[in-house]
Amino acid sequence: MAAVLHFLRACVRRPVFGLALLLWLSGLGQARAWTDTHVVGVAARLDASHLPTMRVALDVRVRVNAGRLNTLEVAGLDADATLAPDVVAVITSADGMIYLPSASTTGPGMVVLRFADRHAAPGHGDYTATLTYDTHQAFESAETLAGERKRLRWTLPSWEVGLPDVHIIVVAPQGTKAAELAASAAFGDETSLQALPTGIELTFRRVELPRTQAWEIAFDVPASARPATAAVATSQQRKAESAEAGNPGRPWTWLAGLALGLVALAKRRLTRRVCERYNLHPTPLVKLRSEQLRVLLLLASCAAGFGLFRVQALGSSVLLAFGIACALDRNLVRLPLPAASTFRVASEAELHRSRWRRLSEHFAAEAWLDTTTVVGMASLALAHAPWVLLSHHGAGRELWLCAALCVTPLFFTATRQQRPLSVAGMLAWLSQARAAAAFSAVSTELLVGSAPDGRALDARLRFSPASVVAGSGKLELCVTDALLYGRPRSALALLALSARGSPADAILAQALPGSEALLSPDGKHVARVCVTQSASEDAAKLLQWLTPAGNALARISEAA
């Protein structure tokens, strides 16, 4: 312990020792960056339809138990193996993720797949490395047989571990057949032949290939046969095209990120428009003084998050999350509305228009990014659908999943439930309350409150019974804000006005014990506001109490 303290003290006093310590620690970190990988399966596909060139596509299944697959060396191939110029080498994960290593030949029969950036290399999991090369060796060393036939041989290299279920597929011209040799077990435990429209397909399969043992196959090709259409590189070309489409730095990835940023920016603009309409004050999640800076950061973060996803997935996810956060609001604070100066009776035409306006709110522009509407739920489902479909193809699945998760919060902020009802919504709600209770013996009117400039601000349902107890004032249903789970929500309230100390005041005080009582400035009237879940039913009961006949019956029942 003393020696350690002495060394640390020396590092502080002399920077050279500190530098040596840092170099030692960095070397230790590199030494620990080891990789535990091993090959678990091999398959090959040979295209002998364009002799003298034979194209070989080799699939090597690798399992990474720890670290990253920075380098993969495949040795023992044909000595003249030349990487196919029109097909790129790819490494595909079990869930379809495609990686693009650099491929090169480092010697006769040796191909190396390497990642320049260690963090871009595949990590823990199962992968299939596919490399394609051309060779002339099989044709040049072919054995000429009787009947103008040539016997071609190809050898699958040996591996350090035993491999189960190894198969080699050969696509060749019509008339090709597997070589009939005495030691047939050396050429495969099972051989099958399938006719193709332009050739044949030979399949050599072995139940198990022992460790350090190569596997040689042979097949006889007619010298005069017409070559079949090449089919080996087709699947590899599709893999290369899909991999190139998802390659970092491609223009479409940056444009897709920019499109995501525009969607987030549209949500912010629509939220600001809603706030102006309903007198709300938004509180941004990310505080920035300049709106122009917010827009720039939002678009740049989303575009860079998409464009750099293949290079650095974690950093791209952080950029996407930050870009979306710039468009979000923590909450919408409801500001007090000016009181309506005059109330007028709503006409039938106005009630009819209010129903259509209430319906149109579900299809407005802001509804498409609101999960509380039908079109908003459909938009959210469409945003998550592509990555589910891409799970069968692999390319772009993780990128789309990250984007879908980042865009999801846009559908749950500034929803219809976070803003007050419009006048059209109030009229529709009050109409339902009037129809829910039996007010056949009471005259009811739907009123609309307007500001001096004629703008509609409020709506109420007023009851006008024929006769009431002395001191009764107006009795109305209105829409107000009530706290629900700590947030303001629209709720129906019962508003009752009575003369102070009158019989009606006593009845209301008994019937509405939990209501908020407000005394008028002159001290002559009391206004009671009661927020209730069943406001229409409570209003019907109050009307019975406030009518002389209903009041007398109540007193008789209480005396009995």
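What you see is a predicted model, and the numbers here were worked out from it, not measured in a lab.

> Got a sec to walk through empty space enclosed by the protein? Specific residues and values, please.
Applying the stated criterion across every chain yields a total of two cavities of 30 Å³ or more. What the largest cavity holds in volume is close to 50 Å³. Lining the largest cavity we find Lys-267, Leu-270, Thr-271, Val-274, Glu-366, Ala-414 and Arg-419. Class assignment of the residues belonging to the lining of the largest cavity gives a composition of three nonpolar, one polar and three charged. In this structure, the second largest cavity occupies an estimated 30 Å³ of space. Lining the second largest cavity, in full, are Asp-329, Arg-330, Asn-331, Leu-332, Thr-413, Ala-414 and Gln-418. Among the residues forming the lining of the second largest cavity, the class breakdown is two nonpolar, three polar and two charged.

> Give a description of the sheet that holds strand S16 (residues 215-222) that names residues and reports values.
Taking strand neighbours across the sheet as the criterion, the four strands line up as S10-S11-S16-S13 in an open arrangement whose pairing is antiparallel. Pairing within the sheet leaves two strands with one partner each, and these edge strands are strand S10 (143-145) and strand S13 (177-178). With three bridges joining them, S10 and strand S11 (residues 149-156) adopt antiparallel strand pairing. The residue of S11 that forms the bridge with Leu-145 is Arg-149.

> Go over the packing of helix H5 (residues 251-278) against helix H6 (residues 291-307), please, and point to the residues and values.
Here H5 crosses H6 at 145°, and the two axes come no closer than 7 Å. The way H5 lies across H6 gives a crossing that is right-handed. Here Thr-253, Trp-254, Ala-256, Gly-257, Leu-258, Leu-260, Gly-261, Leu-262, Ala-264, Leu-265, Arg-268 and Arg-269 of H5 lie close against H6, whose contacting residues are Glu-291, Arg-294, Val-295, Leu-298, Leu-299, Cys-302, Ala-303, Ala-304, Phe-306 and Gly-307. When its residues are assigned to classes, the contact of H5 with H6 shows 14 nonpolar, four polar and four charged.

> Could you give an account of the confidence of the model for the protein chain, with specific residues and numbers?
Atom-level detail of predicted coordinates should not be read off regions where pLDDT is low. Residues of the protein chain with pLDDT of at least 70 account for 80%, and the chain-wide mean is 76. Below pLDDT 50 for its whole length, residues 10-33 participates in eight contacts with residues either more than four positions away or in separate chains. In the model, residues 552-560 has pLDDT below 50 throughout and makes three contacts with residues more than four positions away in sequence or in other chains.

> How would you summarise the nonpolar core if you had to cite specific residues and measurements?
Within the largest apolar cluster, 48 residues are counted, with the highest numbers of intra-cluster contacts made by Leu-46, Leu-58, Trp-154, Leu-156, Trp-159, Ile-168 and Val-170. Take this core: its biggest share by element is six residues, from strand S2 (residues 54-66). With residues near it in sequence (within four places) discarded, Leu-156 still touches Val-42, Leu-58, Val-166, Ile-168, Leu-209, Ala-214 and Trp-215.

> Lay out the packing of aromatic side chains with the relevant residues and their values.
On inspection of all chains with the given rule, the structure shows one aromatic pair. Positioned over the ring face of Trp-215 is Arg-206, at 5.6 Å from the centre of the ring.

> Can you explain the packing of helix H8 (residues 348-360) against helix H11 (residues 423-436)? Please cite residues and give values.
At their nearest, the axes of H8 and H11 sit 8 Å apart, and the two run at 110° to each other. One element, H8, and the other, H11, form an angle in the roughly perpendicular class. Crossing geometry of H8 relative to H11 is assigned as left-handed. Only Ala-424, Gly-425, Leu-427 and Ala-428 of H11 make contact with H8, whose side of the interface consists of Leu-351, Ser-354, Arg-357 and Arg-358. Across the contact of H8 with H11, the residue classes tally to four nonpolar, two polar and two charged.

> Let's hear about the sheet that holds strand S8 (residues 110-114): which residues, and what values?
Spatial strand order, S3-S8-S7: three strands in an open sheet with antiparallel pairing. Pairing within the sheet leaves two strands with one partner each, and these edge strands are strand S3 (71-74) and strand S7 (102-107). Strand-to-strand twist across the sheet, computed as the mean angle between neighbouring axes with direction ignored, equals 25°.

Rules behind the numbers
- Residues numbered from 1 in each chain as written.
- Predicted model: local features only at pLDDT ≥ 70, side-chain atom pairs only at ≥ 80, totals over all residues.
- Heavy atoms only, no water.
- 1 Å grid on protein atoms, 1.4 Å probe; cavity = no way out; pocket = protein on both sides within 12 Å on 5 of 7 lines; lining within 4 Å.
- Points joined across faces, edges and corners; volume = space filled by probe spheres on them.
- Nonpolar A, V, L, I, M, F, W, Y, C, P; charged D, E, K, R; others polar.
- Pairing = 2+ DSSP bridges.
- Helix = DSSP H or I, 4+ residues; strand = E, 2+ residues; numbered from the N terminus.
- Axes fitted to C-alpha atoms, helices over the stretch in contact; angles between N-to-C directions.
- Left-handed = near helix turned anticlockwise from the far one by under 90°.
- Contact = heavy atoms within 4.5 Å.
- pLDDT = per-residue confidence, 0-100.
- Core = buried A, V, L, I, M, F, W, Y, C linked by side-chain atoms within 4.5 Å.
- Buried < 20%, exposed > 50% of the residue type's maximum accessible area, 1.4 Å probe, protein only.
- Phe/Tyr/Trp six-rings, centres within 6.5 Å; stacked < 30°, edge-to-face > 60°.
- Lys NZ or Arg CZ within 6 Å of the ring centre and 35° of its normal.
- Parallel < 35°, antiparallel > 145°, perpendicular 65-115°, else oblique.

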